[in-house]
Each structure stands twice: as structure tokens, then as C-alpha cells.
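What the coordinates show
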Amino acid sequence: LFQKESHIPLPPKKDYDKVRAAIEDALDKDDYDDGSYGPVLVRLAWHASGSYDKASNTGGSNGATMRFDPERKFGANAGLEVARDLLEPIKKKFDWITYADLWTLAGAVAIEAMGGPTIPWRPGRSDKLENEGCPPDGRLPDGDKGAPHLRDIFYRMGFNDQEIVALSGAHALGRCHADRSGWINPWTNAPTTFSNAYFTELRDNKWTKKKWSGPPQYEDPTGTLMMLPTDMVLIWDKKFKPYVMKYAQDEESFFKDFAAAFSRLLELGVPFDEPGKPAPA
Ligand code: CCH
């Protein structure tokens, strides 16, 4: 009996710190974009989660349905295969973690590694099968729309105006890619550093409509930085603007509010055993 038992494999120890370390190791690469995969990992975590609809309790990070058609082919998700492919060897190595947990953890780890706040994160998401269904297209925001659209999209997830502005501060990171969204350029001069620079740029820079044949975007006087129409809305709308001014002035309050909102975003629709309490590893 003793011998027989010794052949039963032990269940893997779920060491999330090892996964965190592997994600951190994969972040920096000199010849990719601005030198880091961090921004695109944050975008993957956001797009996996931002499909949530509170009324029907559908969509969200649980399920990792972006592995499948049609969701992986949604226009909004163009380019996110870069992030999913980067994480694939980590998923192979730590095969006990679900894609849904891995993608959201990668977003949290990336924010932290780029100098941002600690993002409360806990495991507990499961992966759906291919035939279990993707959320419908059109649940993520379109950059060329106005304030009503932003509110429709984020209120549907259960966020308020303050949280919309806080979450938008993630555009301190990364850039637009002509071949992914049609837009070009980064929002800030330090796109691999998490900071309140998105808000200081919105507040302090002079933004004018770019004259080109591409989709509508705004540029600073040097033409190197950009804002989407939905970014400009945050200083044009009288209810959004006070939060832009607050976060531009006070980075600590931005970090605190961003961490809370981003953590909640990653958990939308996830059926944790004990709401509010970390699930056991
Ligand atoms: Fe975003 N985002 N985002 N975004 N986004 C893009 C890139 C990033 C919108 C549109 C775009 C959030 C909110 C919005 C990131 C995080 C967040 C791009 C360029 C578009 C377009 C894609 C490309 O070409 O590669 C719109 C509209 C909204 C409305 O609210 C929120 C919320 C978050 C996270 C909390 C990050 C990070 C990037 C950079 C990705 C990269 O690859 O550099």
C-alpha cells in the first residue's frame, strides 16, 4: 500500500509568487515597442475584464474567452495576441494556473513592475470551453466617441464617473499602433512608467486636432503625443474634469483610486467562494 501511494502524483503547489516572478522576467525586451511588454499586458487584462455586463452578469475576466473566436477577432482586441503569446510559455510552465487568472495577474504585476501601486489580486477564475460562449462584440469603448458612450460602457460594468477617470489614467502607459487600432503615438513621454502623467498632460499640454487622413485624434504642439477623442472628453465634460485636475495634482490619490478600481475591474463577474476575502491558494 505504501509503495502504491508513493506513485500518486502530489497536486501542484500553487505558488503564485513564482508566476509573478516569471511574468516580471518576461516584461522587458529592448526591441519591442518602448522596451516593455507591460503596457500590452495591462491592456489584455483590461479587455478580458471590460466585457462585463452587470445586468446580465455576463462577460468579464472569468472564462478567458478571448482565446476563442469570435472574441479574439473583435476589432477592439487587435494586437492582444502579442500579450497572450507572451504568456503562453508561462501557462505551460505553471499549468495549474487558469488563463483567466494568469491574464489578470499579468496586468497587476505589470502595473506594479512599471512603478504603479500594488493591485489587490486573488485567484479563483476558471477557463471556459470554446463552446461555452464569448461575450458579444461592442462592449469595449470606441476611442472616437463622446462622454455618453464612455458612461454607457463603464456604467454597464458598474463603475462611476470617478472610477472612469481613474481607470483612464492607465493611458500613462503604452501607445497606439497604426496596425492595431489605426491611431498612432503614446499619451505620455514615459510610456513604460506608471504615473499620473496622463492627467498632467491632459491638464497642461495644448491639444489640437491632428490633420491627417487617419482616425480623429489630438496632438500636442510637438506632434509626438496623442489623445483620443474619449481622452479629451475627460477634460471637456464638467463632471469628469474635476477628477482629472485632482489626479494631475495628487499622484497619491490617483494611485489609491486606480488600484481599487483596477482590482475591481479584474474581479467583475468572478464567482469567488467568499466575496471580499482572498481565496486560499
Ligand atoms: Fe486603452 N486604448 N482605452 N485603456 N489602453 C489603447 C491602448 C491602451 C481606449 C482605447 C485604446 C482604457 C480605456 C480606454 C490601455 C489601458 C486602458 C489603444 C491603442 C486604444 C485605441 C491600441 C493599439 O493601437 O495598440 C478607450 C477608447 C478607452 C476608454 O475608456 C482603460 C480603462 C485601460 C486600463 C485600465 C493600455 C495600457 C494601452 C497601451 C497598450 C499598448 O500596447 O501599448
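Note that the structure is a prediction, hence the values are computed from the model and not measured.

Of note, the amide linkage connecting D69 to P70 takes the cis form, showing an omega dihedral of 0°. On the secondary structure map, P70 appears in the loop between α3 (38-49) and α4 (81-93). Even without a glycine there, the phi angle at N57 is positive, about 50°. If you trace the backbone, N57 turns up in the loop between α3 and α4.

Attention now goes to the coordination of the iron atom of the ligand. For a metal with four donors in a tetrahedral arrangement, the ideal angle between donors is 109.5 degrees, while six donors in an octahedron ideally sit at 90 or 180 degrees. Only one protein atom coordinates the iron atom of the ligand: H171 (NE2), located 2.1 Å from the metal. Within the secondary structure layout, H171 lies in the loop between α7 (161-168) and β1 (175-176).

Ranked by size, the top nonpolar core spans 82 residues in total, and within it V19, I23, L41, L87, F154, F258 and F262 carry the most contacts. For this core, the leading source of residues is helix α5 (residues 99-113), giving 10 residues. Both domains that meet at this core, namely domain 1 (15-139 + 263-267) and domain 2 (147-261), each give it at least three residues. Excluding its chain neighbours within four sequence positions, the residues that come into contact with L87 are I23, L41, L44, L102, W103 and A106.

All right, on to the domain arrangement of the protein chain then. Once the domains are mapped, the protein chain shows domain 1 (15-139 + 263-267) and domain 2 (147-261). For domain 1 versus domain 2, the separation of C-alpha centres amounts to 21 Å. Each partner contributes to the interface: domain 1 provides 30 residues, whereas domain 2 provides 22 residues. Summing the contributions of domain 1 and of domain 2, the shared interface buries around 2100 Å²; its carbon and sulfur component is 59%. Remark: the boundary between domain 1 and domain 2 carries 2 salt bridges. For D34, the salt bridge identified is with R175, shortest N-O distance 2.9 Å. Where domain 1 packs against domain 2, one counts 15 residue pairs in polar contact (both at pLDDT 80 or more). Of all the elements in the fold, those that place two or more residues in the side of domain 1 that touches domain 2 are α3 and α11 (251-267).

Running from N to C, α3 and α11 cross one another at 55°; their axes reach a closest spacing of 8 Å. Taken together, the axis directions place α3 and α11 in an arrangement best described as oblique. Two packed elements cross with a definite hand, and for α3 against α11 that hand is left-handed. On α11, the residues that touch V42, A45, W46 and S49 of α3 are F262, L265 and L266.

Our next topic: the pattern of salt bridges. Following the criterion strictly, the structure yields 15 salt bridges and no others. Linking D101 and R125 is a salt bridge whose minimum nitrogen-to-oxygen distance equals 2.7 Å. Note that D101 is positioned in helix α5 and R125 in the loop between α5 and α6 (147-157), a separation of 24 residues in sequence. When sorted by exposure, D101 lands in the same class as R125, which is buried. For the salt bridge of E267 with R122, the shortest nitrogen-to-oxygen distance reads 2.9 Å. Placement of the pair is E267 in helix α11 and R122 in the loop between α5 and α6, with a sequence separation of 145 residues. Look at R122 and you get buried, because its relative accessible area is 9%.

The next point concerns the sheet that holds strand β5 (residues 226-227). The sheet built from 3 strands is open, its strands ordered β3-β4-β5 with antiparallel pairing. Edge positions in the sheet fall to β3 (208-209) and β5, since each of these pairs with one other strand and no more. Here β3 pairs with strand β4 (residues 218-219) via 2 bridges, running antiparallel. Bridge assignment links T208 to a residue of β4, and that residue is E219.

The rules behind each value
- Residues numbered from 1 in each chain as written.
- Predicted model: local features only at pLDDT ≥ 70, side-chain atom pairs only at ≥ 80, totals over all residues.
- Heavy atoms only, no water.
- Helix = DSSP H or I, 4+ residues; strand = E, 2+ residues; numbered from the N terminus.
- Donors = N, O, S within 2.8 Å, 3.2 Å for Na, K, Ca; no water.
- Core = buried A, V, L, I, M, F, W, Y, C linked by side-chain atoms within 4.5 Å.
- Buried < 20%, exposed > 50% of the residue type's maximum accessible area, 1.4 Å probe, protein only.
- Domains from an automatic or database assignment.
- Contact = heavy atoms within 4.5 Å.
- Buried area = accessible area lost by both parts, 1.4 Å probe.
- Salt bridge = Lys/Arg side-chain N within 4 Å of Asp/Glu carboxyl O.
- Polar contact = N/O pair within 3.5 Å; in protein donor to acceptor, adjacent residues only side chain to side chain.
- Axes fitted to C-alpha atoms, helices over the stretch in contact; angles between N-to-C directions.
- Parallel < 35°, antiparallel > 145°, perpendicular 65-115°, else oblique.
- Left-handed = near helix turned anticlockwise from the far one by under 90°.
- Pairing = 2+ DSSP bridges.

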